[in-house]
Amino acid sequence: MTYEVKITKTNHSTISTVDFNNIPFGQVFTDHILVCDYTNGEWGQPEIIPFGNLSLHPATSALHYGQTIFEGMKAYKTSDGRTVIFRPDRNFARFNHSADRMCMPNIPKEIFIDGLKSLIDLDKEWVPNIHGSSLYIRPFMFGTDGAVGVRPSDNYKFVIICSPVNSYYPEPIKVIFETHYSRAAFGGTGEAKNGGNYGAAMLPTKLVQDKGFKQVLWTDSKEHRYVEESGTMNVFFVIEDVILTPDLSGRILHGVTRESAIQLLKEAGFIVEERPIEVSEIVTALKEGKVSEAFGCGTAATIAHISHIGHDADVYELPPVEGRKYSTFITDNLDAIKTGKLPDIHHWLETI
Ligand SMILES: *Cc1c(COP(=O)(O)O)cnc(C)c1O
């Protein structure tokens, strides 16, 4: 099957109404979207159309039974004026991995990657040329059968929307170990980027936010003994110059930022351990003042420094962000690669 993207351009670009220095996160969208339907056991031709609402049957199965998956990646302007996407092949692979777990069809590379490149090429004026800003890219897929009844949908819709975003400079965050609720069960869907995982996380997150924390630090669902991840980020701790991060247990997301950070750290000769990490190990090190850094890692923020870690009624404060060697190393190196200031020796950039 060969796929060709059919393009219908908008007559009403909204780009002149956007203040690229002040964009509320995730609320401004580019002029076009890509849509592609799966029917009768095969993908149709991808189409790029003007941004607008989708029309759905009221029984749309994804709304009832949760067959819905997504991805998140970013396009950047390099210092020499190119438009690049960071490691889209990893997001493509993860998307189909999520699809497998949710009993949804895989999508061909020609639709996901080539469609993505056509869409960004058409809307490339929307990729901000401001340090720290980027174009957030959100591919998603959901079951569209108009029928009630629990079974895998026969029909699906794949869509890509894009949203320019400013640099994400949040304050360092306060997190707390969650020891009642769980994000992901053993044998569950923790390593898929499916909608239900995020819906299930909202109440526990809201409850800790009411207590002044920003995010929960998830622990395993069986014993609440091992650390998992935090919000939409993988998590790292530095104890006496050893960089620790939970291994890919099947219950955490395979973060592209996590994978890239581990590779850069190891290449620089730092010690990284990917393994089960006990909550008690972190708490003991916190009590002894041995945790020099803790941070979340993901596409939205790259690095989100953690300032405080709560455990039961105790709250431990971490050293100031200024002295943090490893998280600064990751931020600086990833930024320099994405903007073309460091040579792309790993071939992580896809130029449009
Ligand atoms: C998307 C996501 C991440 C981070 O993945 P990146 O590929 O680095 O953006 C981590 N955890 C969860 C739960 C996520 O949804």
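Residues numbered from 1 in each chain as written. Predicted model: local features only at pLDDT ≥ 70, side-chain atom pairs only at ≥ 80, totals over all residues. Heavy atoms only, no water.

A. Highlighting the site of the ligand. Taken together, 15 residues lie near the ligand, and K193, Y198, E229, T257 and T299 sit nearest. In the environment of the ligand, an oxygen atom lies 2.9 Å from a nitrogen or oxygen atom belonging to the side chain of R94. In this structure, an oxygen atom belonging to the ligand sits 2.7 Å away from a side-chain N or O atom of K193. Burial of the ligand by the protein amounts to 97% of the accessible area it has alone, namely 380 Å². More than half of the atoms belonging to the ligand lie within 2 Å of the grid points that define the largest pocket. (Near = heavy atom within 4 Å. Polar contact = N/O pair within 3.5 Å; in protein donor to acceptor, adjacent residues only side chain to side chain. Areas by Shrake-Rupley, 256 points an atom, 1.4 Å probe, with all protein chains shown as cover. 1 Å grid on protein atoms, 1.4 Å probe; cavity = no way out; pocket = protein on both sides within 12 Å on 5 of 7 lines; lining within 4 Å. Sits in = over half its atoms within 2 Å of the grid points.)

B. Here's a closer look at unusual backbone geometry. Phi at R87 takes a positive value of approximately 50 degrees, unusual for a residue other than glycine. Following the sequence through the fold, R87 ends up in the loop between β7 (83-86) and α2 (88-101). We classify R87 as buried; its relative accessible area is 7%. (Helix = DSSP H or I, 4+ residues; strand = E, 2+ residues; numbered from the N terminus. Buried < 20%, exposed > 50% of the residue type's maximum accessible area, 1.4 Å probe, protein only.)

C. Geometry of the nonpolar core. Counting 34 residues, the largest nonpolar core has F112, I137, M141 and F158 as its most contacted members. Residue assignment for this core shows that the elements contributing at least two residues are β2 (32-39), β6 (73-77), α2, α3 (109-122), β8 (134-143) and β9 (156-165). For this core, the element with the highest residue contribution is α3, accounting for six residues. Excluding residues that lie within four positions of it along the chain, F158 makes contacts with L34, V35, C36, W43, F95, I107, I111, F112, P139, F140 and M141. (Core = buried A, V, L, I, M, F, W, Y, C linked by side-chain atoms within 4.5 Å. Contact = heavy atoms within 4.5 Å.)

D. Broad picture of the packing of helix α5 (residues 256-267) against helix α7 (residues 325-338). The contact between α5 and α7 brings their axes to 10 Å, and the two run at 105 degrees. Classified by the angle their axes make, α5 and α7 are roughly perpendicular. Side by side, α5 and α7 meet where T257, S260, A261, L264 and L265 of the first sit next to Y326, F329, I330, N333, L334 and I337 of the second. Among the residues making up the contact of α5 with α7, the classes are represented as eight nonpolar, three polar and no charged. (Axes fitted to C-alpha atoms, helices over the stretch in contact; angles between N-to-C directions. Parallel < 35°, antiparallel > 145°, perpendicular 65-115°, else oblique. Nonpolar A, V, L, I, M, F, W, Y, C, P; charged D, E, K, R; others polar.)

E. Geometry of the side chain of N96. Within the fold, N96 resides in helix α2. You can call N96 buried: its relative accessible area is 9%. Aside from chain neighbours lying at most four places away, what touches N96 is N106 and I107.

F. Local environment of the layout of surface pockets. Considering only enclosed or pocket space, the largest pocket measures out at about 1,100 Å³ in volume. As for the largest pocket, its lining consists of 40 residues, and the residues nearest its centre are Y168, Y198, G231, T232 and A300. Elements supplying a minimum of two residues to the lining of the largest pocket: β8, β9, α4 (195-209), α5 and β15 (291-298). Residue contributions to the lining of the largest pocket peak at six residues, all from α4. (Points joined across faces, edges and corners; volume = space filled by probe spheres on them.)

G. Just the environment of L248, in detail. Secondary-structure assignment places L248 in the loop between β13 (242-245) and α5. What L248 contacts, discounting residues up to four positions off in sequence, is L253, H254 and R258.

H. Highlighting empty space enclosed by the protein. Scanning the entire structure with this criterion turns up one cavity of 30 Å³ or more. The volume enclosed by the largest cavity comes to roughly 80 Å³. Forming the walls of the largest cavity are G72, M73, K74, Y76, F86, N91, V256, T257, T299 and K338. Those elements giving two or more residues to the lining of the largest cavity turn out to be β6 and α5.

I. Molecular detail of a nonpolar patch on the surface. Together, L54, L56 and L63 line one region of the surface with nonpolar side chains, adding up to about 270 Å² of accessible area. Locating L54 in the fold gives a position in the loop between β4 (47-50) and α1 (61-65). (Patch = residues over 30% accessible without salt bridge, like charges linked within 9 Å, V, L, I, M, F, W, Y side chains within 5 Å. Salt bridge = Lys/Arg side-chain N within 4 Å of Asp/Glu carboxyl O.)

J. Structural view of the packing of aromatic side chains. Scanning the model with the defined rule gives 15 aromatic pairs in all. Where Y38 meets W43, the ring centres are 5.1 Å apart and the plane angle is 65 degrees; that geometry is what we call edge-to-face. Residue class for Y38 comes out buried when judged on its relative accessible area of 14%. Exposure remark for W43: the relative accessible area of 4% places this residue in the buried category. A network of ring pairs unites the aromatic residues F92, F95, F112 and F158 as a single cluster. It is K222 that lies over the ring of F186; its NZ or CZ is 4.1 Å from the centre. When the ring centre of F186 is taken as origin, the NZ or CZ atom of R251, which lies over that ring, is 3.9 Å away. (Phe/Tyr/Trp six-rings, centres within 6.5 Å; stacked < 30°, edge-to-face > 60°. Lys NZ or Arg CZ within 6 Å of the ring centre and 35° of its normal.)

K. Seen up close, the domain arrangement of the protein. Taken domain by domain, the protein comprises domain 1 (6-166) and domain 2 (173-337). Of note, the centres of domain 1 and domain 2, computed from C-alpha atoms alone, are 28 Å apart. The partner domain 2 presents 18 residues to the 17 residues of domain 1 that form the contact. Carbon and sulfur atoms make up 56% of the surface buried where domain 1 meets domain 2, a total of about 1,600 Å² over both sides. Contact with domain 2 buries surface across domain 1, with F70, R94 and R101 losing the most and accounting together for 34% of the total. Where E259 meets R87, a salt bridge forms, and the shortest distance between an N and an O atom there is 3.1 Å. Our enumeration of links across domain 1 and domain 2 arrives at 12 residue pairs in polar contact (both at pLDDT 80 or more). A per-element tally of the side of domain 1 that touches domain 2 places α2 first, with six residues. A per-class count over the side of domain 1 that touches domain 2 returns six nonpolar, five polar and six charged. (Domains from an automatic or database assignment. Buried area = accessible area lost by both parts, 1.4 Å probe.)

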